[in-house]
Amino acid sequence: MTNIYQFEAELLDGKNKAFADYKGKVLLIVNTASKCGFTPQFAGLEKLYEKYKPQGLEVLGFPCNQFGGQDPGSNDQIGAFCQKNYGVTFPMFAKVDVKGPEAHAIFRYLTNNSKGVLGSGIKWNFTKFLIGKDGTVLNRFAPTTKPEALEEEIEKALQK
């Protein structure tokens, strides 16, 4: 597959969302967790979303419990946590695996089309993938990269 538009994923509310609905938008796809040292990045992700959504950015959050069991809650609990604690308004998807044999297809695509510092696999929560308007992976960012550090690359992608 050459882009992400063939995929779909389940939102927190149980409805399926086709990635084709995001054609022409810049996406920031993030595997998230509610009980992680990087969890405060939700605030920065929300700021990016609010600032750049009018220009065509979508932030997509994918809760994952594969790293230290840091997102053990139900989809409803995760959604309530993100909204209450960080005012998250960007789309949050149902909890998924992002590595291993049960990894969601979107994360298999993302990791196969980008390399991290330690190889292609996702090593921790809050790994971020920047997707261009054409649905291809532009860049990948480590969990330690704060959302505000992505502004320049997001702006470039929005201008293309």
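Scroll up a little and you will see the structure.
Residues numbered from 1 in each chain as written. Predicted model: local features only at pLDDT ≥ 70, side-chain atom pairs only at ≥ 80, totals over all residues. Heavy atoms only, no water.

## Some words on the overall build of the protein chain
Part 1 of the argument: Within the protein chain one finds four helices and six strands.
Part 2 of the argument: Secondary structure elements of the protein chain, listed N to C terminal, follow the sequence β-β-β-α-β-α-α-β-β-α.
Part 3 of the argument: Whereas a compact globule of 160 residues would reach a radius of gyration of roughly 15 Å, the protein chain reaches 14 Å, a difference of no more than 12%.
Part 4 of the argument: Seen through its principal axes, the protein chain has C-alpha atoms that stretch 40 × 35 × 30 Å. (Helix = DSSP H or I, 4+ residues; strand = E, 2+ residues; numbered from the N terminus. Rg over C-alpha atoms; globule rule 2.2 N^0.38 Å.)

## Quick look at helix H1 (residues 41-52)
Part 1 of the argument: Over its 12 residues, H1 extends 16 Å from the first C-alpha to the last, a length consistent with the 16 Å expected when each residue adds 1.5 Å.
Part 2 of the argument: Here H1 has its buried residues at Gln41, Phe42, Gly44, Leu45, Glu46, Leu48, Tyr49 and Tyr52.
Part 3 of the argument: Buried residues belonging to H1 abut strand E3 (26-32), strand E4 (57-63), helix H2 (75-86), strand E5 (128-131) and helix H4 (151-159). (Expected span 1.5 Å × (residues − 1). Buried < 20%, exposed > 50% of the residue type's maximum accessible area, 1.4 Å probe, protein only. Contact = heavy atoms within 4.5 Å.)

## Description of the side chain of Asn125
Part 1 of the argument: In this fold, Asn125 is placed in the loop between helix H3 (105-112) and E5.
Part 2 of the argument: For Asn125, the side chain forms a polar contact with the side chain of Gln70, separated by 2.8 Å.
Part 3 of the argument: Not counting chain neighbours up to four residues away, the residues in contact with Asn125 comprise Asn31, Thr32, Ala33, Cys36, Phe38, Cys64, Phe67, Gln70 and Pro143. (Polar contact = N/O pair within 3.5 Å; in protein donor to acceptor, adjacent residues only side chain to side chain.)

## A few points about the environment of Tyr5
Part 1 of the argument: With respect to the helices, strands and loops of the structure, Tyr5 is situated in the segment before strand E1 (8-10).
Part 2 of the argument: When its relative accessible area of 12% is taken as the criterion, Tyr5 is described as buried.
Part 3 of the argument: Considering only alpha carbons, one finds Tyr5 and Phe90, 85 residues apart in sequence, at a separation of 19 Å.
Part 4 of the argument: Every residue in contact with Tyr5, bar those within four places of it in the chain, is listed here: Phe19, Ala20, Tyr22, Lys23, Gly24, Gly132, Lys133, Asp134 and Gly135.

## With respect to the sheet that holds E4
Part 1 of the argument: Reading across from one edge, E4-E3-E5-E6 is the order of the four strands in this open sheet, with mixed pairing throughout. Two strands lie at the open edges of the sheet, namely E4 and strand E6 (137-141), each paired on one side alone. Adjacent strand axes in the sheet meet at a mean angle of 15° when their direction is disregarded. (Pairing = 2+ DSSP bridges. Axes fitted to C-alpha atoms, helices over the stretch in contact; angles between N-to-C directions.)

## Things to note about the packing of H1 against H4
Part 1 of the argument: Two numbers describe how H1 lies on H4: the axes approach to 12 Å, and their chain directions differ by 30°. It follows from the interaxial angle that H1 and H4 lie roughly parallel. Here H1 and H4 pass one another in a crossing that is right-handed. Where H1 approaches H4, its residues Leu48, Lys51 and Tyr52 are matched on the opposing element by Glu151, Ile154, Glu155 and Leu158.
Part 2 of the argument: Here the residues of the contact of H1 with H4 sort into four nonpolar, no polar and three charged. (Parallel < 35°, antiparallel > 145°, perpendicular 65-115°, else oblique. Left-handed = near helix turned anticlockwise from the far one by under 90°. Nonpolar A, V, L, I, M, F, W, Y, C, P; charged D, E, K, R; others polar.)

## Focus on the environment of Ile4
Part 1 of the argument: Mapped onto the secondary structure, Ile4 falls in the segment before E1.
Part 2 of the argument: Each C-alpha atom of the pair Ile4 and Thr111 lies 12 Å from the other, and the pair is 107 residues apart in sequence.
Part 3 of the argument: Contact partners of Ile4, with chain neighbours within four places excluded, come to Phe19, Leu27, Ile29, Ile106, Tyr109, Ile131 and Gly135.

## So, the packing of aromatic side chains
Part 1 of the argument: The full count for this structure, using the stated rule, is 12 aromatic pairs.
Part 2 of the argument: With centroids separated by 6.4 Å and ring planes inclined at 70°, the aromatic side chains of Phe107 and Phe129 adopt a geometry described as edge-to-face. Of this pair, Phe107 sits in helix H3 while Phe129 is found in strand E5, placing the two residues 22 residues apart along the sequence. Each member of the pair Phe107 and Phe129 is classed as buried.
Part 3 of the argument: One aromatic cluster is present, formed by Phe19, Tyr22, Phe62, Phe93, Phe107 and Phe129 through successive ring pairs.
Part 4 of the argument: We note Lys17 situated over the ring of Tyr22; from NZ or CZ to the ring centre the distance is 5.2 Å. (Phe/Tyr/Trp six-rings, centres within 6.5 Å; stacked < 30°, edge-to-face > 60°. Lys NZ or Arg CZ within 6 Å of the ring centre and 35° of its normal.)

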